[in-house]
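As a plain string of letters, each chain reads:
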Amino acid sequence: FLELKRQNKEIYYYKQRDYEIDFIVRENNKDTEIIQVAWNISDIETRKRELRSIDKVMERLDIKKATIVTIDTRETIKREGYNIEVIPAYEWFME
C-alpha cells in the first residue's frame, strides 16, 4: 500500500461476495492494473483462489495487466488473452 502511494498511484480495494483483489490501480480515470499480494502461491488451493479472483475482476473491469507479489516466486502464468506476472516482493519494490 505504502509503496503504491509513494508512487502517487490511485488505488482501491475490490471485494465481491466470493472474491477480492488487494489493489486495483487507476490511472487517467481507467482501471489499469490488478496487484494481488500473497505470501506464497505454491499451495494449490491458494493458487486457485488468487487466480479465480484475478480472472473474474480482469473480465469484469476489462483490465489487461495483473501482478501477484509473493515472498520469493517468479513466473508468468499464461491465461487466455493475458498473462499474470508473479514476482518476488524484493523485485517489485525495485521497479
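Below or above, wherever it landed, is the structure these notes cover. All values derive from a computational prediction rather than experimental measurement.

1. With respect to the sheet that holds strand β1 (residues 10-16)
Argument step 1. An order of β1-β2-β3-β4-β6-β5 is seen for the six strands of this open sheet, with the pairing classed as mixed. Unpaired on one side and paired on the other, β1 and β5 (75-79) mark the two borders of the sheet. With strand direction ignored, the average angle separating the axes of adjacent strands in the sheet is 25°.
Argument step 2. In terms of strand pairing, strand β3 (residues 30-37) meets strand β4 (residues 66-70) through four bridges, oriented parallel. What sits directly across from Q36, in β4, is I68.
Argument step 3. Across the sheet, helix α2 (residues 44-61) touches β1, β2 (19-27), β3, β4, β5 and β6 (82-88), and the angle it forms with β2 is around 45°.

2. Things to note about the side chain of Q36
Argument step 1. Among the secondary structure elements, Q36 is positioned in strand β3.
Argument step 2. Side-chain polar atoms of Q36 contact the backbone oxygen of E20, separated by 3.1 Å.
Argument step 3. For Q36, the side chain forms a polar contact with the side chain of E50, separated by 2.7 Å.
Argument step 4. In this view, Q36 contacts E20, I21, D22, E50, S53, I54, T67, I68 and V69; residues no more than four positions away in its chain are not counted.

3. Side note on the environment of I68
Argument step 1. Looking at the secondary structure, you find I68 in strand β4.
Argument step 2. The class for I68 is buried, based on a relative accessible area of 0%.
Argument step 3. Linking I68 and N40, residues 28 residues apart in sequence, is a C-alpha distance of 9.6 Å.
Argument step 4. If we skip the residues at most four places from it in the chain, I68 touches Q36, A38, I41, L51, I54, I84, E85, V86 and I87.

4. Regarding the pairing of β5
Argument step 1. Here β5 runs beside β6; their pairing, made up of five bridges, is antiparallel. Its bridge partner lying in β6, I77 is registered against I84.
Argument step 2. If you look at the hairpin formed by β5 and β6, you'll find two residues sitting between the two strands, and G81 has a positive phi there, around 95°.

5. A closer look at the nonpolar core
Argument step 1. With 18 residues, the main nonpolar core has I21, I24, I34, I54, V57, I68 and I84 as its most contacted residues.
Argument step 2. Of all elements in the fold, only β2, α2, β4 and β6 reach the threshold of two or more residues within this core.
Argument step 3. Considering each element in turn, this core owes the most residues, four residues, to α2.
Argument step 4. With residues near it in sequence (within four places) discarded, I34 still touches I21, F23, I24, I54, V57, M58, I63, K65, A66 and T67.
Argument step 5. Among the nonpolar cores identified, the runner-up in size contains eight residues, and I11, V25, V69 and W92 belong to it.

6. As for the pattern of salt bridges
Argument step 1. Per the stated rule, a full pass over the model turns up 10 salt bridges.
Argument step 2. K15 is the salt-bridge partner of E20, the closest N and O atoms lying 3.8 Å from each other.
Argument step 3. A residue is classified by how much of its surface remains accessible, and K15, at 48% relative accessible area, is partly exposed.
Argument step 4. In this structure, the salt-bridge partner of K64 is D62, at a minimum N-O distance of 2.8 Å.
Argument step 5. On the accessibility criterion, D62 (42% relative accessible area) is partly exposed.

The rules behind each value
- Residues numbered from 1 in each chain as written.
- Predicted model: local features only at pLDDT ≥ 70, side-chain atom pairs only at ≥ 80, totals over all residues.
- Heavy atoms only, no water.
- Pairing = 2+ DSSP bridges.
- Helix = DSSP H or I, 4+ residues; strand = E, 2+ residues; numbered from the N terminus.
- Axes fitted to C-alpha atoms, helices over the stretch in contact; angles between N-to-C directions.
- Contact = heavy atoms within 4.5 Å.
- Polar contact = N/O pair within 3.5 Å; in protein donor to acceptor, adjacent residues only side chain to side chain.
- Buried < 20%, exposed > 50% of the residue type's maximum accessible area, 1.4 Å probe, protein only.
- Core = buried A, V, L, I, M, F, W, Y, C linked by side-chain atoms within 4.5 Å.
- Salt bridge = Lys/Arg side-chain N within 4 Å of Asp/Glu carboxyl O.

What is shown is where atoms sit, not what they do.
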